[in-house]
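Below are the chains, spelled out letter by letter.
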Amino acid sequence: MEPVKQRKIIHVDMDAFYASVEQLDNPGLKGKPIAVGGSSQRGVVAAASYEARKFGVKSAMSSVIAKRNCPELIFVKPRFNRYREISNRIKNIFFEYTDLVEPLSLDEAYLDVTENKKGNPSASLIAQEIRQKILDKTGLTASAGISINKFIAKVASDYNKPNGQKTVNPEEVPEFLEALEIRKFYGVGKVTAEKMYRLGIFTGKDLKEKSREFLDEHFGKNGEYYYQVVRGIHLSEVKPSRIRKSLGAERTFEENISSEVFMLERLENISEEIERRLTKSKVAGKTVTLKIKYSDFTLQTRSKTLNYYISSKELILETAKQLLYQEKMKNSVRLLGISLSNLNTEKVDEKEEKKEIAVQLKFDL
């Protein structure tokens, strides 16, 4: 049997993408701490420049806390059409090298360059070329990680940020993973990291010493994942066409809403947005889920599966109304969202899939 050829994977990650685009388009913002997002009491930071990050400002942080951390912080409203435009230009650069491109968001993607259009055997040199082309054609910098699989490449891309790259060669993989702090493992969030600390797992070496049974016992179905990746095993391929499981939109409000009349008005707007995107993607779904985040930040979801596919605003709204009235509200509401799943198609154009990010990050400014 012919041995499996070692893959060459690049993970490209733009540096503070949204914030960098704003600084690019407005030179007056260069070198200043900026945050893309809403500046109001209920605002949220979508992205922060490196100047702002020095003060502890980061994405998903409350704008109030961000301003407290950095009094000189400048807030800029997000412009997703502009971010998509530049993202598409960057994606076109990727396709000059390989068709095996898997975008994760507007600002990062995996590339499989094992076999590439340039016939270049060096993935490290390809990554360098790509980063230089991105800089030449957009004026923005990117970082990259290069290794034998997606997991290691993604971890490596964070090592020499901003505007750098790191290669983890096959023979370096065991040592690299053993020395890696557990919180830097992709897929290990804050809660899991704290649990691992309590179990005496602080580095990849500590994780590697735990048996498969131990990891299964403490981490359930994720136990196998941790057992494999710390040994450099991650067989997930770079998938140019990603499978969409749901399509949705949500809104965070400037002030908490307690009136159902106002809630219905917001749900109608959300339903319109979803109908537009369903029509463009040529899909429909059977399961409607209503997402409610209360003023005390507790989250509740209510779902209903129909016997037929729907894609019209009227039917989406009608089902969402039923879910809204399903039980009494526990508190005033700060966020409402609707998603449609159980779709009637498996694959959607990648460009359309990425538009979901823009919807999810919209704010009432």
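A quick note: this is a predicted structure, and the numbers were derived from the prediction, not measured.

The helix and strand inventory of the protein chain stands at 14 helices and 12 strands. Whereas a compact globule of 365 residues would reach a radius of gyration of roughly 21 Å, the protein chain reaches 22 Å, a difference of no more than 12%. Oriented by its inertia axes, the alpha-carbon framework of the protein chain measures out at about 60 × 55 × 45 Å. Sorting the 365 residues of the protein chain into buried and exposed places 47% on the buried side. Long-range pairs, those at least 24 residues apart, make up 65% of the contacts in the protein chain between residues at least 6 apart in sequence. Accessible area for the protein chain stands at about 18400 Å²; split by element, carbon and sulfur atoms hold 49% of it. Side chains of the protein chain give 62 positive and 51 negative charges; the mean places of these two sets differ by 2 Å.

This next bit is on the sheet that holds strand β1 (residues 9-14). Spatial strand order, β5-β6-β1-β7-β8: 5 strands in an open sheet with mixed pairing. The sheet terminates laterally at β5 (101-105) and β8 (165-167), the two strands that pair on one side only. Ignoring strand direction, the axes of neighbouring strands in this sheet form an average angle of 15°. Pairing of β5 with strand β6 (residues 108-112), which is carried by 4 bridges, proceeds in the antiparallel orientation. Of the residues in β6, the one forming a bridge with Ser105 is Glu108. Packing against the sheet, helix α5 (residues 123-138) makes contact with β1, β6, β7 (142-147) and β8, and its axis sits at approximately 165° to β7.

A separate point is the environment of Cys70. Among the secondary structure elements, Cys70 is positioned in the loop between α3 (63-69) and β4 (74-76). Considered as a pair, Cys70 and Arg53 are 17 residues apart in the sequence and their alpha carbons are 9.2 Å apart. Leaving out residues up to four positions away in the same chain, Cys70 has contacts with Pro33, Phe55 and Val57.

Before going further, it helps to spend a moment on the side chain of Asn149. Assignment of secondary structure puts Asn149 in the loop between β7 and α6 (150-156). A polar contact is formed between the side chain of Asn149 and the backbone nitrogen of Ile152, at a distance of 2.9 Å. Apart from residues no more than four positions distant in its own chain, Asn149 is found in contact with Arg7, Ile9, Gly232, Ile233 and His234.

By size, the foremost hydrophobic cluster in this structure holds 34 residues, and its most contacted members are Ile10, Phe17, Phe94, Leu111 and Ile134. When residues of this core are traced back to their parent elements, those giving at least two are β1, α1 (17-25), β2 (34-37), α4 (80-95), β6, α5 and β7. In terms of nonpolar packing, the next biggest core, distinct from the first, is built from 27 residues, Leu278, Val283, Ile292 and Leu324 among them.

Right, let's get into the confidence of the model for the protein chain. Per-residue confidence for the protein chain gives a mean pLDDT of 88; residues scoring 70 or more make up 92%. Note on residues 346-365: pLDDT is under 50 here. Beyond four places in sequence and across chains, it has 65 contacts.

Okay, the packing of aromatic side chains next. This structure, assessed with the given rule, holds 11 aromatic pairs. Ring geometry for Phe17 and Tyr18: centres 5.8 Å apart, planes at 50°, overall tilted. Among the residues examined, Phe17 registers a relative accessible area of 3% and is labelled buried. Tyr18 sits in the buried class, given a relative accessible area of 8%. Members of the aromatic cluster, connected to one another through ring pairs, are Phe151, Phe185, Phe219, Tyr225 and Tyr226. It is Arg53 that lies over the ring of Tyr50; its NZ or CZ is 4.5 Å from the centre. In this structure, Lys210 is placed above the aromatic ring of Phe214, and the distance from its NZ or CZ to the ring centre is 4.9 Å.

To continue, consider the sheet that holds strand β10 (residues 285-294). In space, the 4 strands of this open sheet follow the order β9-β12-β10-β11, with antiparallel pairing throughout. Single-partner strands in this sheet number two, and they are β9 (246-257) and β11 (299-310). Ignoring which end each strand starts from, the neighbouring axes of this sheet average 15° apart. Inspection of the sheet shows β9 paired to strand β12 (residues 333-343) by 8 bridges, in the antiparallel sense.

Here we take up the pairing of β11. Working note: regular strand, side chains alternate between the two faces of the sheet. Pairing geometry for β10 and β11, over 8 bridges, is antiparallel. Note on β11: the bridge partner recorded for Leu290 is Arg302. In this antiparallel pair of consecutive strands, β10 and β11, the connection spans 4 residues, and Phe297 shows a positive phi of 75°.

In this section: the side chain of Glu22. As for its placement among the helices and strands, Glu22 is situated in helix α1. In terms of polar contacts, Glu22 uses its side chain to reach the side chain of Arg79, at 3.1 Å. Excluding residues that lie within four positions of it along the chain, Glu22 makes contacts with Leu29, Ile34, Val36, Val76, Lys77, Arg79 and Tyr83.

Rules used in this analysis
Residues numbered from 1 in each chain as written. Predicted model: local features only at pLDDT ≥ 70, side-chain atom pairs only at ≥ 80, totals over all residues. Heavy atoms only, no water. Helix = DSSP H or I, 4+ residues; strand = E, 2+ residues; numbered from the N terminus. Rg over C-alpha atoms; globule rule 2.2 N^0.38 Å. Buried < 20%, exposed > 50% of the residue type's maximum accessible area, 1.4 Å probe, protein only. Contact = heavy atoms within 4.5 Å. Areas by Shrake-Rupley, 256 points an atom, 1.4 Å probe, with all protein chains shown as cover. Lys, Arg positive; Asp, Glu negative; His and termini not counted. Charge placed at Lys NZ, Arg CZ, Asp CG, Glu CD. Pairing = 2+ DSSP bridges. Axes fitted to C-alpha atoms, helices over the stretch in contact; angles between N-to-C directions. Polar contact = N/O pair within 3.5 Å; in protein donor to acceptor, adjacent residues only side chain to side chain. Core = buried A, V, L, I, M, F, W, Y, C linked by side-chain atoms within 4.5 Å. pLDDT = per-residue confidence, 0-100. Phe/Tyr/Trp six-rings, centres within 6.5 Å; stacked < 30°, edge-to-face > 60°. Lys NZ or Arg CZ within 6 Å of the ring centre and 35° of its normal.

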